[in-house]
Amino acid sequence: MTNEYVLLSKVAKCSHYNKEIILTAKYHFTGNSENPHEIHFTRATCPIIENSKLSKDDQCEEYKYLECFNPCCPLLADFPPIWDSRNPL
């Protein structure tokens with residue numbers, strides 16, 4: 001596996017806040033010589049999680065004061081384990 005990666009995004013609906021959000025997944029290139037575009041899922045995050053890591057003064061107004069109460073959110077696991085980087089999710 002190489003150190004190169006790509007970020008892919010998709011729209012999902014947060015069931016806790018009943019709000020559409022954009023999830024971002026990090027994929028690393030596998031180094032597969034037969035398919036140089038093959039990538040492997042590493043992790044995913046959402047703007048609610050990322051925003052809550054910031055101080056209240058630095059938070060985006062849209063997600064200010066929101067917190068994720070589901071550390072095992074199924075939305076963050078709903079990404080294909082192997083993907084072709086040329087294709088959108």
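Everything discussed here concerns the structure shown above.
Residues numbered from 1 in each chain as written. Predicted model: local features only at pLDDT ≥ 70, side-chain atom pairs only at ≥ 80, totals over all residues. Heavy atoms only, no water.

(A) Highlighting the environment of Cys14. In this structure, Cys14 sits in strand E1 (residues 5-14). Each C-alpha atom, one on Cys14 and one on Ile48, is 9.4 Å from the other, the two residues being 34 residues apart in sequence. Cys14 has contacts with Lys19, Ile21, Ile48 and Leu75, leaving out every residue within four places of it along the chain. (Helix = DSSP H or I, 4+ residues; strand = E, 2+ residues; numbered from the N terminus. Contact = heavy atoms within 4.5 Å.)

(B) Fine view of the layout of surface pockets. Here the largest pocket defines a volume of roughly 240 Å³. Along the wall of the largest pocket there are 18 residues; nearest its centre are Cys14, His16, Cys68, Asn70 and Cys73. Every element with two or more residues in the lining of the largest pocket is listed here: E1, strand E2 (19-29), helix H1 (47-52) and helix H2 (74-77). If one sorts the elements of the lining of the largest pocket by residue count, H2 sits on top with three residues. Of the residues belonging to the lining of the largest pocket, the class tally is 13 nonpolar, three polar and two charged. (1 Å grid on protein atoms, 1.4 Å probe; cavity = no way out; pocket = protein on both sides within 12 Å on 5 of 7 lines; lining within 4 Å. Points joined across faces, edges and corners; volume = space filled by probe spheres on them. Nonpolar A, V, L, I, M, F, W, Y, C, P; charged D, E, K, R; others polar.)

(C) Layout of the pairing of E2. Both E1 and E2 contribute to a ladder of 10 bridges, which runs antiparallel. Residue Ala12 lies in a different strand from E2, and its bridge partner there is Ile21. Between the end of E1 and the start of E2, which pair antiparallel, lie four residues, with Asn18 showing a positive phi angle near 50°. With six bridges connecting them, E2 and strand E3 (residues 38-45) associate as antiparallel partners. In the sheet register, Phe29 faces E3, and the bridge partner there is Ile39. (Pairing = 2+ DSSP bridges.)

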